[in-house]
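Understanding the architecture of this molecule
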Amino acid sequence: MNDQVLVEMTFPGVARSVSLARRWVVDALAAAGHRETDGVRLVTSELVGNAVLHTGSGRAGGLVVVKVSEVSGTLARVEVIDQGSSTVPRPREPVDCDSHGRGLWLVQRTSIRWGVRPAALRWNLVWAEVATAEPGDAPARQPGGVSPDVMR
């Protein structure tokens, strides 16, 4: 797979960065000709939001790195590098009364595949590949929606 990196940006680890990153990723994909970006928008929001809320990136002076790549003309990859935490990100089945905890479950349902791997200096890289074309033109979802490199 030869991903073509479209853009990479570092954001402050604050709540406002979620909407900035979401807009920035969608604009980059639109400029590259990707038409359907709703899934990428959702995945970016969830991954950056999780980095700000649940990792060292949300501490004073924390940072979140976001990179968007074109895997193909119908598939984009979003990578979010955070400053690490004491737990490994895992999706969980939401309960109707839960007001939180649906983020990675939504990422799993929206993406073709996704994963987590350690990055330099105890940081984590969480990534997802999302279709950016009409359903008939998009690649098929892989069973389970999770790639083999998700840490267990």
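What this report covers is the structure whose coordinates are included nearby. Keep in mind it's a predicted model, so treat the numbers as computed, not measured. (Residues numbered from 1 in each chain as written. Predicted model: local features only at pLDDT ≥ 70, side-chain atom pairs only at ≥ 80, totals over all residues. Heavy atoms only, no water.)

What about the pairing of strand S3 (residues 75-82)?
Our working rule: Burial classification: accessible surface area is computed with a 1.4 Å probe over protein chains only, and a residue below 20% of its type maximum counts as buried, one above 50% as exposed, and the rest as partly exposed. What counts as a helix is a DSSP run of H or I of at least four residues, what counts as a strand is a run of E of at least two, and both are numbered from the N terminus. Any two strands between which DSSP finds at least two bridges are classified as paired.
Burial of S3 is extensive: eight of the eight residues sit out of reach of the surface. Residues of S3 alternate between two faces, with Leu75, Arg77, Glu79 and Ile81 on one and Ala76, Val78, Val80 and Asp82 on the opposite face, all of them buried. Both strand S2 (residues 63-72) and S3 contribute to a ladder of seven bridges, which runs antiparallel. When the bridges of S3 are listed, Glu70 appears paired with Ala76. Counted along the chain from S2 to the antiparallel partner S3, the turn is two residues long. Two strands pair when backbone bridges link them, and S3 and strand S5 (residues 124-131) are joined in this way by eight bridges, in the antiparallel orientation. From the neighbouring strand, Val78 faces S5, where its bridge partner is Ala128.

A word on the nonpolar core
Applicable threshold: By convention a nonpolar core is built from buried Ala, Val, Leu, Ile, Met, Phe, Trp, Tyr and Cys residues, the set being connected through side-chain atoms within 4.5 Å. By definition in these notes, contact holds between two residues if any of their heavy atoms fall within 4.5 Å.
Counting residues in each nonpolar core, the largest one holds 26 residues, and the members touching the most others are Val25, Leu47, Val48, Val66 and Val80. Elements represented by at least two residues in this core include exactly helix H1 (16-31), helix H2 (38-54), S2, S3, helix H3 (103-110), strand S4 (113-118) and S5. If we skip the residues at most four places from it in the chain, Val25 touches Val40, Thr44, Val66, Val68 and Val78. Within the second largest apolar cluster, five residues are counted, among which are Val65, Ile81, Trp123 and Leu125.

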